[in-house]
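# Results of the structural survey
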Amino acid sequence: MKSKEDKKRVIEILRILYKNYPEAKTALKCSNAFELLIATILSAQCTDKQVNKVMKNLVKKYPSPYEYAYVNPIDLEEDIRTTGFFRNKAKNIIACCKKLIEDFEGKVPDNMEDLVSLPGVGRKTASVVLGNYFNIPSIAVDTHVNRVSRRLGLTSEEKVEKIELDLMKIIPKDEWIFFSNALILHGRNVCKSKKPDCLNCDLNEHCSSRDLFILQ
DNA sequence: AACTCGGGGCA
DNA sequence: TGCCCAGAGTT
């Protein structure tokens with residue numbers, strides 16, 4: 001994946017993604033890093049729609065880590081119930097905020113190592129915060145980015161950290177955030193895990209897995 | 001590596 | 001009504 005042909009293929013893929021998913025250009029809108037961190041923790045296994053719905057109440061009720069740290073877990077569970085996994089998420093958010101207060105002066109850290117040390121925060125969540133708020137280029141590899149990148153032939157790795165490295169080598173740095181966001185949309189709408197819609201996929205000419213799904 | 005959490009979306 | 005899913009923690 002370093003010949004001129006491959007580079008041209010990546011550029012073409014990016015061009016198509018820009019055309020089809022212009023909304024992926026704009027970073028997530030959150031008024032501060034803390035708000036984005038909470039929203040991203042909540043986003044596990046649910047849609048933006050579900051997250052946005054509960055965030056309206058959360059930003060008013062819990063403007064900082066200090067409000068979460070001493071809330072009755074039952075109350076928080078109720079506030080985030082509709083995002084699913086609400087008991088785990090409530091427990092993690094409370095523990096996360098206590099650690100933010102104790103170890104980070106109540107501020108969201110701006111590096112991967114410290115971010116993933118927070119309860120409920122893995123590499124995917126950390127990458128989103130770094131990329132979308134701190135403007136530190138990063139590629140958030142969720143299940144969609146993972147699956148679609150491998151189908152396209154942009155990586156053959158399986159571990160998230162190795163996939164990140166492969167993608168960072170071949171995707172121009174300025175496009176990392178957009179690339180993650182666009183592949184998530186493409187993975188949900190077209191390149192679905194069970195029945196990918198290859199016939200209607202605008203990337204199929206540049207995809208190494210296309211025949212796999214069309215010939216059956 | 002497999003298992004668990006869970007309400008919402010969709011056929 | 002049943003199946004699947006925009007992660008992370010635990011064993």
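Note: the structure precedes this text.
The structure contained in this document is the topic of the report that follows. If you're wondering where the values come from, they're calculated on a predicted model, not measured in any experiment.

Right, let's get into the packing of helix H2 (residues 33–42) against helix H6 (residues 86–104). Relative orientation of the contacting elements H2 and H6 amounts to 150°, with a least axis distance of 10 Å. When the axes of H2 and H6 are compared, the pair comes out roughly antiparallel. Considering only the axes of H2 and H6, their crossing is right-handed. Taken together, the residues of H6 that come into contact with H2 (itself represented by Phe 34, Leu 37, Ile 38, Ile 41 and Leu 42) are Lys 89, Ile 93, Cys 96, Cys 97 and Leu 100.

What follows deals with H2. The buried fraction of H2 is high, at ten of ten residues. The complete set of buried residues in H2 reads Ala 33, Phe 34, Glu 35, Leu 36, Leu 37, Ile 38, Ala 39, Thr 40, Ile 41 and Leu 42. Capping of H2 at its N-terminal end is provided by Asn 32; its side-chain oxygen lies 3.0 Å from the backbone amide nitrogen of Phe 34.

Looking now at the protein's contact with DNA strand B. Lining the immediate environment of DNA strand B, one finds Gln 45, Lys 49, Gln 50, Arg 81, Thr 82, Thr 83, Gly 84, Phe 85, Phe 86, Arg 87 and Asn 88. The share of sugar and phosphate among atoms of DNA strand B within 4 Å of the protein is 55%. One of the side-chain nitrogen or oxygen atoms of Arg 87 is found 2.5 Å away from a phosphate oxygen of DNA strand B. Between a base oxygen of DNA strand B and a side-chain N or O atom of Asn 88, the distance comes to 3.3 Å. Looking at the surface near DNA strand B element by element, the count peaks at three residues for H6.

Attention shifts here to the side chain of Thr 40. If you trace the backbone, Thr 40 turns up in helix H2. Among the polar contacts made by the side chain of Thr 40, one reaches the main-chain carbonyl oxygen of Leu 36 at a distance of 2.6 Å. Other than its neighbours up to four places away in sequence, Thr 40 contacts Lys 124, Thr 125 and Val 128.

Turning to the packing of H2 against helix H3 (residues 48–61), a few remarks are in order. Two measures define how a pair of helices packs: the angle their axes make with one another and the distance between the axes. Axis separation between H2 and H3 bottoms out at 10 Å; the angle between their running directions is 140°. The orientation of H2 with respect to H3, classified from their angle, is oblique. Along this stretch, H2 crosses H3, giving a crossing that reads as right-handed. Where H2 approaches H3, its residues Glu 35, Ile 38, Ala 39 and Leu 42 are matched on the opposing element by Val 51, Val 54, Met 55, Leu 58 and Val 59. Here the residues of the contact of H2 with H3 sort into eight nonpolar, no polar and one charged.

Mapped onto the elements of the fold, Pro 73 is located in helix H5 (residues 73–80). Take Pro 73: its relative accessible area is 42%, and that puts it in the partly exposed class. It is 33 Å that separates the C-alpha atoms of Pro 73 and Ile 136, two residues lying 63 residues apart in sequence. Look past the residues within four positions of Pro 73 in its chain and what remains in contact with it is Ala 90 and Ile 94.

Rules behind the numbers
- Position numbers for residues start from 1 in each chain and track the written sequence from start to end.
- The lettering of chains begins at A and the numbering of ligands begins at 1, in the order of writing.
- Totals for whole chains, interfaces and linings use every residue, but because this is a predicted model, local features are given only for residues with pLDDT of at least 70 and side-chain atom pairs only at 80 or more, for both listing and counting.
- Based on all heavy atoms of the structure, the side-chain values leave hydrogens and waters out of the count.
- Here the axes come from fitting lines to C-alpha atoms, over the contacting stretch only for helices, and the angles between their N-to-C directions go from 0 to 180 degrees.
- Comment: elements are numbered from the N terminus, with helices defined as DSSP H or I runs of at least four residues and strands as E runs of at least two.
- Any angle that falls under 35 degrees is termed roughly parallel, while one over 145 is termed roughly antiparallel, one within 65 to 115 roughly perpendicular, and all others oblique.
- What makes a crossing left-handed is the near helix being turned counterclockwise from the far one by less than a right angle; a clockwise turn instead makes it right-handed.
- The contact criterion used throughout is that any non-hydrogen atoms of two residues lie within 4.5 Å.
- Each residue's exposure class comes from its accessible area (1.4 Å probe, protein chains only) as a fraction of the maximum for that residue type: buried when under 20%, exposed when over 50%, partly exposed otherwise.
- As used in this structure description, the phrase polar contact means that two N or O atoms lie within 3.5 Å; if the pair is within protein, one of them must be able to donate a hydrogen and the other to accept it, and residues adjacent in sequence are counted only when both atoms belong to side chains.
- Whether a residue is near a molecule or strand depends on its heavy atoms: it is near if one of them lies within 4 Å of it.
- Residue polarity follows a fixed list, in which Ala, Val, Leu, Ile, Met, Phe, Trp, Tyr, Cys and Pro are nonpolar, Asp, Glu, Lys and Arg are charged, and the others, Gly among them, are polar.

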